[in-house]
Amino acid sequence: MMDKQLLELVFDNLYNGIYVVDGHGVTIGVNKTFEEMSGFTNAELAGRSLYDLVGKDNYFSGSASLLVLERKRPVTATYSTSTNRKFLVKGRPIFNAAGEIEYIINTIWDLTVVQYSQPIDADTARSQLLSEDDLITCSERMMAVVDLALRVAATDSTILLTGESGVGKSLLAKTIHRSSERKNHPLQQINCSAIPESLIESELFGYEAGAFTGADSKGKAGLLEMAEGGTVFLDEISELPLHLQSKLLGAIQEKEFYRVGGRQLQRVDFRLIAATNKDLVQLVSEGKFREDLFYRLNVVPISLPPLRERREDIPTLIQHFTDKYNRKYNSYKKFSESLVNHLVNMPWKGNIRELENVVERSIVTTPGNSITWEKVQIPGMEKIIPSGLGLKAILAEHEKEILLQAEDQYKTTRRIAAILGISQASVARKLKIIKGNSAS
Ligand SMILES: Nc1ncnc2c1ncn2[C@@H]1O[C@H](COP(=O)(O)OP(=O)(O)O)[C@@H](O)[C@H]1O
Ligand SMILES: [Mg+2]
């Protein structure tokens with residue numbers, strides 16, 4: 001066993017930040033790397049509860065540890081600090097013999113961009129910065145995906161992200177860029193299906209003066225040039241026309257290409273991430289996608305599982321989006337437990353994008369602070385009856401929601417009793433039981 005002094009030396013010389021918390025959410029300590037990353041010192045954090053450190057205008061925007069305590073399982077998530085730094089945190093619970101969480105060890109990657117050069121050419125309307133959204137997951141499969149992404153982020157390999165629409169490909173592409181050595185250079189994104197075929201070539205490769213009618217008289221750099229030193233993210237790569245697929249292949253292999261109408265080779269340095277929700281192997285066999293480009297892109301394939309194959313993420317994501325939209329709309333709404341249980345069982349064909357929309361819509365349109373099964377309109381949800389509960393338990397759940405909603409709306413037991421046509425004593429008794437249960 002290494003002695004204590006050596007262990008401390010290792011702790012402070014890790015490449016990652018480390019943040020150790022006890023089973024009550026109290027900070028035990030952080031290492032030197034974390035101090036450097038965050039700008040916060042061990043002295044100011046140690047002994048302080050995360051419940052006091054987390055929140056709007058506080059030290060941290062959120063906490064993996066608090067989620068670990070709540071879900072009793074590992075969590076991977078990105079967060080920012082009040083000093084405008086951005087982190088990817090992997091929180092891992094350590095259990096004692098009694099099965100209680102004794103410690104949580106958080107390993108932290110710095111996603112902060114130090115000097116972000118303006119990545120968007122003002123008139124390149126279609127290329128856009130990926131949004132500043134946070135990634136969060138507690139599913140084993142998705143955490144393995146993020147681990148793989150972090151490992152290859154450090155290399156310069158081309159990455160191919162696959163998965164249904166809405167599973168988080170764009171978000172992961174951004175996370176990869178941010179955790180790579182290229183993070184202080186631009187990230188340029190283009191969605192190949194959103195741009196008319198006739199424009200893709202000049203958007204990607206740029207053009208020289210007089211290349212075509214209507215072209216800028218000075219010529220213009222394309223996305224690949226604008227990404228110099230950084231990352232190019234080509235979304236929906238299957239929609240790239242065949243003749244441009246070979247030009248792209250050349251640009252990836254030789255790191256040089258001609259602008260449209262140009263005669264001078266442009267040398268570029270970029271890392272390519274491509275994404276698709278199509279089966280490229282199938283498209284190759286149909287002759288609709290170049291086989292050589294496919295192999296060149298498929299160096300590191302990363303496949304993101306659909307939400308219905310990682311339902312354990314759903315409660316965490318609902319909580320995450322509820323917090324996000326409560327902040328945005330200055331509200332304090334909460335999804336009821338039984339509504340969350342219903343949502344976990346939905347098919348989610350639109351994956352996380354659909355879930356996020358449902359949460360935002362529910363927050364905007366539901367009166368009162370508790371969002372319940374009765375109040376929300378979610379297409380497809382009526383048909384699902386939770387399995388394994390039985391009629392009695394389902395009815396009890398509904399009764400609970402009705403009472404909480406009534407309390408929200410009518411405040412006093414007297415008015416609730418009048419509205420529901422039961423005695424005031426029984427309203428009081430039922431509410432007492434409900435609250436006694438939910439507080440435990
Ligand atoms: N793991 C995640 N945690 C939080 N938000 C996520 C996660 N994955 C996806 N999202 C959000 O869901 C939406 C869809 O994700 P996106 O990356 O655009 O999917 P795709 O590119 O695969 O269609 C985005 O708003 C994104 O921020
Ligand atoms: Mg996308």
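Residues numbered from 1 in each chain as written. Chains lettered and ligands numbered in written order. Predicted model: local features only at pLDDT ≥ 70, side-chain atom pairs only at ≥ 80, totals over all residues. Heavy atoms only, no water.

## Here's the deal with helix α5 (residues 64–71)
Piece 1. The element α5 is extensively covered by neighbouring structure, given that six of its eight residues are classed as buried.
Piece 2. Buried within α5 we find Ala64, Ser65, Leu66, Leu67, Val68 and Leu69.
Piece 3. The backbone nitrogen of serine 65 lies 3.1 Å from a side-chain oxygen of the residue at the head of α5, namely serine 63.
Piece 4. Where α5 ends, the next residue or the one after it, lysine 72, has phi of about 55 degrees, a positive value. (Buried < 20%, exposed > 50% of the residue type's maximum accessible area, 1.4 Å probe, protein only. Helix = DSSP H or I, 4+ residues; strand = E, 2+ residues; numbered from the N terminus. Polar contact = N/O pair within 3.5 Å; in protein donor to acceptor, adjacent residues only side chain to side chain.)

## A few points about the site of ligand 1
Piece 1. Neighbouring residues of ligand 1: 18 residues in total, closest Ile136, Gly166, Lys169, Ser170 and Arg353.
Piece 2. One nitrogen or oxygen atom from the side chain of lysine 169 is found 2.8 Å from an oxygen atom belonging to ligand 1.
Piece 3. Contact between ligand 1 and arginine 353: an oxygen atom at 2.8 Å from a side-chain N or O atom of the residue.
Piece 4. Considered on its own, ligand 1 offers 560 Å² of accessible surface; in the complex 90% of this is hidden by protein.
Piece 5. Elements that contribute at least two residues to the shell around ligand 1 include exactly α7 (169–178), α13 (313–329) and α15 (351–365). (Near = heavy atom within 4 Å. Areas by Shrake-Rupley, 256 points an atom, 1.4 Å probe, with all protein chains shown as cover.)

## Remarks on the pairing of strand β7 (residues 159–162)
Piece 1. As paired strands, β7 and strand β12 (residues 271–276) are joined by four bridges and run parallel to one another. Residue pairing in the sheet places threonine 162 in a bridge with threonine 276 of β12.
Piece 2. As judged from the four bridges shared by β7 and strand β13 (residues 300–303), these two strands associate in the parallel manner. Within β13, the position partnered with isoleucine 159 by the bridge is valine 300. (Pairing = 2+ DSSP bridges.)

## Some points on the pattern of salt bridges
Piece 1. Taken as a whole, this structure holds 20 salt bridges when the rule is applied.
Piece 2. The salt bridge involving arginine 308 is made with glutamate 164; its shortest N-O contact spans 2.5 Å. Placement of arginine 308 in the loop between β13 and α13 and of glutamate 164 in the loop between β7 and α7 is noted, with a sequence separation of 144 residues between them.
Piece 3. Under the relative-accessibility criterion, arginine 308 is labelled partly exposed at 32%. (Salt bridge = Lys/Arg side-chain N within 4 Å of Asp/Glu carboxyl O.)

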